[in-house]
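Listed below are the residues making up each chain.
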Amino acid sequence: MSEAGSLPLVRTRALGDFRVHALEAGTQRLDGGAMFGVVPKPLWERRIPADERNRIPLALRCLLVETRDELVLIETGLGNKEDAKFTDIYGVDNAASPGSGAPDRLQEAVRRAGFAPGDVSVVVNTHLHSDHAGGNTFRDAEGQVRLAFPSARYHVQRGEWEWAHRANERTQASYLPHNFVPVMEAGRLELVEGAVEVVPGIETILTPGHCPWHQSVLVRSGGETACFMADVVPTMAHLPLPWIMGYDVEPLVTLESKRELLRRAVDEGWLLVSTHDPATPWGYVERDARGVAQREV
């Protein structure tokens, strides 16, 4: 299986009247056992092999959506603010190409798609973990933390914002305030509650379990639907219902969130967008003898 670092920085397709761009914002490496929870290693490593430190490669994929009136970015990756110890532990590789003028690979990808960071009008965070919201902000050459998308209105569930501020010993390593507090202080963060149409054609849906107010994002246009799943199904290898991350704080809730999301994806013909799959940005699924599997194209 190829890794996200070797994939094209931007891949584009039509979705009804919209254009959607899968942006490769870099890679990280996390412990394979943690990523697959109770699934034995002999099973999961057939899908995504581990390195000598038992870590598997994971994309930091974001989705840029062109609607008629808005430019919407779903997820922001990891950003550029963490130190060398952090990047070594988590195997982070998200630096922009030399000469690109971008602080990280996500902003480089936005530019490669034909836009400037200031063109993004809406950012949706599925949750506030560092590998999903770290690129909300960036550290400039003077060491100051600034908004990465200064013209955008950022959106996250109110419950997730509150949960991030009640982090405990189990969850606090995932929530780094410099990723989201500056957005609130700048007056750019909008707290949503439940299923909300953020802009016409783009709707948040609650898919809890990974954290209590985790959300996925539906993109609808011209009779077609894409679902940015985020961490309810972090890679295509996680399609089997019991393949749930050890990171999830409520795994049995994740199970039911996955069951409903995948049911709708099959019944309604959704294009599923994967945030962490190291090779596959998107695909369709179908029922098979074992449950739900990616459909061959």
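Treat the numbers as computed from the prediction; the structure is a model and nothing was measured.

A. Highlighting the packing of aromatic side chains. Counted under the stated rule, the structure contains five aromatic pairs. With a centroid separation of 5.6 Å and an interplanar angle of 10 degrees, the aromatic rings of Phe36 and Trp44 are classed as stacked. Plain terms: the ring middles of Trp161 and Phe180 are 5.8 Å apart, the flat faces sit at 80 degrees to each other, and that makes the pair edge-to-face. Taken together, the residues Trp161 in helix 6 (residues 158-164) and Phe180 in the loop between helix 6 and helix 7 (181-185) connect sequence positions 19 residues apart. With relative accessibility at 4%, the residue Phe180 sits in the buried group. Pairwise contacts between aromatic rings join Phe36, Trp44 and Trp243 into one cluster. The cationic tip of Arg47 hangs over the ring face of Trp243; the distance from NZ or CZ to the ring centre is 4.8 Å.

B. Representation of the state of the cysteines within the structure. Summed over the entire model, instances satisfying the criterion amount to zero disulfides. The thiol of Cys62 is not disulfide-bonded; the next cysteine sulfur, from Cys227, is found 15 Å away. For Cys62, a relative accessible area of 1% gives the class buried. In this structure Cys227 is not part of a disulfide, and its nearest cysteine sulfur, from Cys211, lies 15 Å away.

C. Inspection of the sheet that holds strand 14 (residues 271-273) at higher detail. Taken together, the six strands give an open sheet; going across it, the order is 10-11-12-13-14-15, and neighbouring strands pair in mixed fashion. Sheet topology places strand 10 (196-199) and strand 15 (282-283) at the edges, where each strand pairs with a single neighbour. When strand 12 (residues 215-221) meets strand 13 (residues 224-228), the two strands line up antiparallel, connected through five bridges. For Ser221, the partnering residue across the bridge sits in strand 13 and is Glu224.

D. Quick peek at helix 8 (residues 251-268). An ideal rise of 1.5 Å per residue puts 26 Å on 18 residues; helix 8 measures up with 25 Å between its terminal C-alpha atoms. Listed as buried for helix 8 are Thr254, Ser257, Lys258, Leu261, Leu262, Ala265 and Val266. Across the axial projection of helix 8, the buried residues extend over an arc of 155 degrees, all falling on one side. Following helix 8 by one or two positions, Gly269 has its phi on the positive side, about 65 degrees.

E. Here's a closer look at the environment of Arg13. Turning to its location among the elements, Arg13 is positioned in strand 1 (residues 10-15). Counting along the chain gives 64 residues from Arg13 to Gly77, while the straight-line C-alpha distance between them is 21 Å. Among all residues touching Arg13, those that are not within four sequence positions of it are Phe18, Arg19, Val20, Leu271, Trp282 and Tyr284. A distance of 3.5 Å separates a polar atom in the side chain of Arg13 from a polar atom in the side chain of Tyr284.

F. Quick peek at the pairing of strand 8 (residues 153-157). Most of strand 8 is tucked away, with four of its five residues classed as buried. In this structure, strand 5 (residues 122-124) lies alongside strand 8, joined through three bridges in parallel fashion. Its bridge partner lying in strand 8, Val122 is registered against Arg153. Sheet analysis places strand 8 next to strand 9 (residues 189-192), joined by four bridges and oriented parallel. Directly across from Val156, in strand 9, lies its bridge partner Leu191.

About the cut-offs
- Residues numbered from 1 in each chain as written.
- Predicted model: local features only at pLDDT ≥ 70, side-chain atom pairs only at ≥ 80, totals over all residues.
- Heavy atoms only, no water.
- Phe/Tyr/Trp six-rings, centres within 6.5 Å; stacked < 30°, edge-to-face > 60°.
- Helix = DSSP H or I, 4+ residues; strand = E, 2+ residues; numbered from the N terminus.
- Buried < 20%, exposed > 50% of the residue type's maximum accessible area, 1.4 Å probe, protein only.
- Lys NZ or Arg CZ within 6 Å of the ring centre and 35° of its normal.
- Disulfide = S-S within 2.5 Å.
- Pairing = 2+ DSSP bridges.
- Expected span 1.5 Å × (residues − 1).
- Arc of directions from axis to C-beta.
- Contact = heavy atoms within 4.5 Å.
- Polar contact = N/O pair within 3.5 Å; in protein donor to acceptor, adjacent residues only side chain to side chain.

Interpretation in functional terms is not warranted from these geometric data alone.
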